[in-house]
Amino acid sequence: MKTRVTWSLLLGVWLGVAAFAAEDGTVKAPENPPIEGTWAPTFEDNFDGEGLDATKWKVGQHWAGINGGAQPHAANMAVEKGMLVFTWDKKKEPFTFGDKTTSYGTGEVTTYKRFHQAFGYIETRMKYDVQRGLWPAVWTMPVLRATDKPNDMKWAYLKFDLAKAEKPAAKALLKLKVKAAPASFWFDVHRCFDDAWTQAAITWKTKPNFDAIYLAQVKTKAAPGSWVEADVTSFVNTQIAGDKKASFMVADMLQSCKAVSFFSSEADEADRPRLVLDGAEVLASEDAVVSGAKPDENFGAEKELPIFDSYGYIVSTFEKGMEIDILEVLGIWGPAKVSHALHWNGYEKQHKSTGQQVTVEGADLNKWTTVSLYWEEGKVEFYINGKMTWSYANERVCSAPSYLLLSGQTGGWDKNGDNFAANLDPNLPKKMYFDYVKMWSGKKKESAPLPEKEK
Ligand SMILES: [Ca+2]
Ligand SMILES: [Ca+2]
């Protein structure tokens, strides 16, 4: 044994030279930005959890969809090996995200309704496959003010005891009976990271965290009295092989503002939520809705599970708002050309923009690259690998709290999206990686004032 350890250590040292210098190595986000200032960390994700942390992220933005030819798909986003990974691919069958149907899957995650910040420093370490047709982007959108009820969110939690399930299910379906609903609606089913909650105690404040990358997203016209179902086979099988308990979170993550209600475990047995494992029914052992508007209240004994997600905030580039494109890259430009841009006053006739396309010396964005924004009142500065690549100073610079978007779009401008299928299809799948995202509040140290004669 001892000899083997010694040999493997020696082997490790020998291989380590190459392994630790490898381009795909991840790092922890730095303590501070590379420029001197009064920094205080406000947000950090190193993507080293078992899924995408739903206290920080959600799939999709303030409207249901993204620009370009692809749409987010749960199978195209993953947190693995310390990274958030997006995959661009073409599905055999078209799918719908929000209101858009396409065959091209991609990733898009944002901090909308999870974290908003004005000013400070925002940094991500990223890389991606360079391919004509792809349009990776890191950007922010402004949140001007709350709508009437920004906290009017109702999320349903359900727990199932799988002690009697002895083998993996060929098909596991979560089935919910609709109590009340508009003509059409959608809902997401997520996996909870733990089962240590009870329906007698759970509240908005104590709810378990869940994977923001949903297990299923269902769009339906199910009428009251009928059943809806979601395929949750792979997660249920990991739990059958594991602790024999499975917890789900069910909500409307696309902020459609539709009041939907399902029967709960306190309803008549014929109406209760259930898991169907290859035809065998397991009734939910516990369920409860939590309410953002009533964060300390418990609703575990209610006979229904109402879900709701308000629109929340007015997102607009008018007034103090501005879209800040920290980084946009079109595959047609190759690995070292990037664009920084600002857009304001909407996207119609009054639209205004400025920006800069930059060739970054030494940068190769298919290798790990640090991309950052420094933002203060009246000024933004853009950095690639710690070097400033563009800055813009104007009193119109965004002063509204904003949310961050990481997106793997397709298309764009500069003929990047021309002959889309012919350029892209033979080259898919392609990948985009994020090692960390970190944000700080604060301001960089003032440069010394110029001597009088040089003013
Ligand atoms: Ca209950
Ligand atoms: Ca990482």
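Source: prediction; values computed, not measured.

About the cut-offs
- Residues numbered from 1 in each chain as written.
- Chains lettered and ligands numbered in written order.
- Predicted model: local features only at pLDDT ≥ 70, side-chain atom pairs only at ≥ 80, totals over all residues.
- Heavy atoms only, no water.
- Helix = DSSP H or I, 4+ residues; strand = E, 2+ residues; numbered from the N terminus.
- Buried < 20%, exposed > 50% of the residue type's maximum accessible area, 1.4 Å probe, protein only.
- Contact = heavy atoms within 4.5 Å.
- Areas by Shrake-Rupley, 256 points an atom, 1.4 Å probe, with all protein chains shown as cover.
- 1 Å grid on protein atoms, 1.4 Å probe; cavity = no way out; pocket = protein on both sides within 12 Å on 5 of 7 lines; lining within 4 Å.
- Points joined across faces, edges and corners; volume = space filled by probe spheres on them.
- Nonpolar A, V, L, I, M, F, W, Y, C, P; charged D, E, K, R; others polar.
- Lys, Arg positive; Asp, Glu negative; His and termini not counted.
- Salt bridge = Lys/Arg side-chain N within 4 Å of Asp/Glu carboxyl O.
- Polar contact = N/O pair within 3.5 Å; in protein donor to acceptor, adjacent residues only side chain to side chain.
- Donors = N, O, S within 2.8 Å, 3.2 Å for Na, K, Ca; no water.
- Core = buried A, V, L, I, M, F, W, Y, C linked by side-chain atoms within 4.5 Å.
- Domains from an automatic or database assignment.
- Buried area = accessible area lost by both parts, 1.4 Å probe.
- Phe/Tyr/Trp six-rings, centres within 6.5 Å; stacked < 30°, edge-to-face > 60°.

Draft legend 1. Quick look at the overall build of the protein. Within the protein one finds three helices and 29 strands. Each principal axis of the C-alpha atoms in the protein carries an extent, and together these give about 85 × 70 × 50 Å. The burial tally for the protein puts 53% of its 455 residues in the buried class. A sequence separation of at least 24 residues applies to 80% of the contacts in the protein between residues at least 6 apart. Total accessible area on the protein stands at roughly 20,900 Å², and carbon and sulfur atoms take up 52% of it.

Draft legend 2. Focus on empty space enclosed by the protein. Across all of its chains, the model carries three cavities of 30 Å³ or more by this definition. Of the pockets and cavities examined, the largest cavity occupies roughly 40 Å³. Together, Ala 54, Trp 57, Lys 58, Val 59, Arg 114, Asp 188, His 190, Phe 210, Ala 212, Tyr 214 and Met 253 line the largest cavity. When residues of the lining of the largest cavity are traced back to their parent elements, those giving at least two are β2 (58–59) and β12 (185–191). A breakdown of the residues in the lining of the largest cavity according to their chemical character gives seven nonpolar, one polar and three charged.

Draft legend 3. Layout of the side chain of Arg 114. Structurally, Arg 114 can be placed in the loop between β7 (108–110) and β8 (120–128). No salt bridge is formed by the buried Arg 114. Its closest oppositely charged neighbour is Asp 309, at 5.3 Å. Separated by 3.2 Å, the side chain of Arg 114 and the backbone oxygen of Ala 54 make a polar contact. Excluding residues that lie within four positions of it along the chain, Arg 114 makes contacts with Ala 54, Thr 55, Lys 56, Trp 57, Lys 58, Trp 155 and Met 253.

Draft legend 4. Fine view of the coordination of the calcium ion (ligand 1). In the first shell of the calcium ion (ligand 1), the protein supplies Gln 199 (OE1), Glu 266 (OE), Glu 266 (OE), Asp 287 (O), Asp 287 (OD) and Gly 300 (O), at 2.3 to 2.7 Å from the metal. The motif formed by the donor residues of the calcium ion (ligand 1), counted along the single chain, is Q-x66-E-x20-D-x12-G. Residue Gln 199 is located in the loop between β12 and β13 (216–220), and its partner Asp 287 is located in strand β19 (residues 286–291); the two are separated by 88 residues in the primary sequence. As far as burial versus exposure is concerned, Gln 199 and Asp 287 are alike and both buried.

Draft legend 5. Quick look at unusual backbone geometry. In this structure, Pro 429 follows Leu 428 across a cis peptide bond, with omega equal to 5°. As for its position among the elements, Pro 429 is in the loop between α3 (420–424) and β29 (430–441). Not every positive phi belongs to a glycine, and Glu 319 is a case in point at roughly 55°. Note on placement: Glu 319 falls in the loop between β21 (313–315) and β22 (323–328).

Draft legend 6. Spatial organisation of the environment of Gly 225. Within the fold, Gly 225 resides in the loop between β13 and β14 (227–231). Its relative accessible area of 43% is what places Gly 225 among the partly exposed residues. Separated by 48 residues in sequence, Gly 225 and Lys 177 have C-alpha atoms that sit 6.3 Å apart. Those residues in contact with Gly 225 that lie beyond four places of it in its chain are Lys 177 and Val 178.

Draft legend 7. A look at the coordination of the calcium ion (ligand 2). Coordination sphere of the calcium ion (ligand 2), protein contribution only: Asn 46 (O), Gly 82 (O), Asp 435 (O) and Asp 435 (OD), at 2.3 to 2.4 Å. Mapping the donors of the calcium ion (ligand 2) onto the primary sequence yields the spacing N-x35-G-x352-D. Taken together, the residues span a long stretch of sequence, with Gly 82 in the loop between β4 (77–80) and β5 (83–97) and Asp 435 in strand β29 at a distance of 353 residues. One exposure class covers both Gly 82 and Asp 435, and it is buried.

Draft legend 8. Just helix α2 (residues 233–241), in detail. When α2 is considered as a whole, its buried residues turn out to be Thr 233, Phe 235, Val 236, Asn 237, Gln 239 and Ile 240. Against β11 (172–180), β12, β14, β15 (245–251) and β17 (274–277) lie the buried residues of α2.

Draft legend 9. Layout of the nonpolar core. Ranked by internal contacts, the top residues of the largest apolar core, which has 75 residues, are Trp 155 and Leu 406. At five residues, the largest contribution of residues to this core is made by β5. For this core, the domains that each give at least three residues are domain 1 (26–147 + 314–441) and domain 2 (153–310). Setting aside residues up to four positions removed in sequence, Leu 406 forms contacts with Trp 57, Leu 84, Phe 86, Gly 107, Glu 108, Val 109, Ala 137, Val 138, Phe 434 and Val 437. Formed by 33 residues, the second largest nonpolar core is a distinct cluster that contains Leu 162, Leu 176, Val 218 and Val 232.

Draft legend 10. Fine view of the domain arrangement of the protein. We note that the domain assignment places domain 1 (26–147 + 314–441) and domain 2 (153–310) within the protein. Once you take the C-alpha centre of each, domain 1 and domain 2 turn out to be 31 Å apart. Tallying the contact residues gives 25 residues for domain 1 and 18 residues for domain 2. Summed over both sides, the interface of domain 1 with domain 2 buries roughly 1,700 Å², with 56% coming from carbon and sulfur.

Draft legend 11. Region of interest: the packing of aromatic side chains. Applying the stated rule across the entire model yields 25 aromatic pairs. Seen from their ring centres, Trp 155 and Phe 210 are 5.5 Å apart, and the 80° between their planes marks the pair as edge-to-face. Taken together, the positions of Trp 155 in strand β10 (residues 153–161) and Phe 210 in the loop between β12 and β13 put the pair 55 residues apart, joining distant regions of the chain. We note that Trp 155, like Phe 210, is buried. Three or more aromatic residues link up through ring pairs in this structure, and these residues are Trp 39, Tyr 121, Tyr 374, Tyr 383 and Trp 440.

Draft legend 12. Seen up close, the side chain of Gln 117. With respect to the secondary-structure elements, Gln 117 resides in the loop between β7 and β8. Separated by 2.8 Å, the side chain of Gln 117 and the backbone oxygen of Phe 119 make a polar contact. Beyond its immediate sequence surroundings of up to four residues, Gln 117 is in contact with Thr 42, Trp 375, Ala 400, Pro 401, Ser 402, Met 439, Trp 440 and Ser 441.

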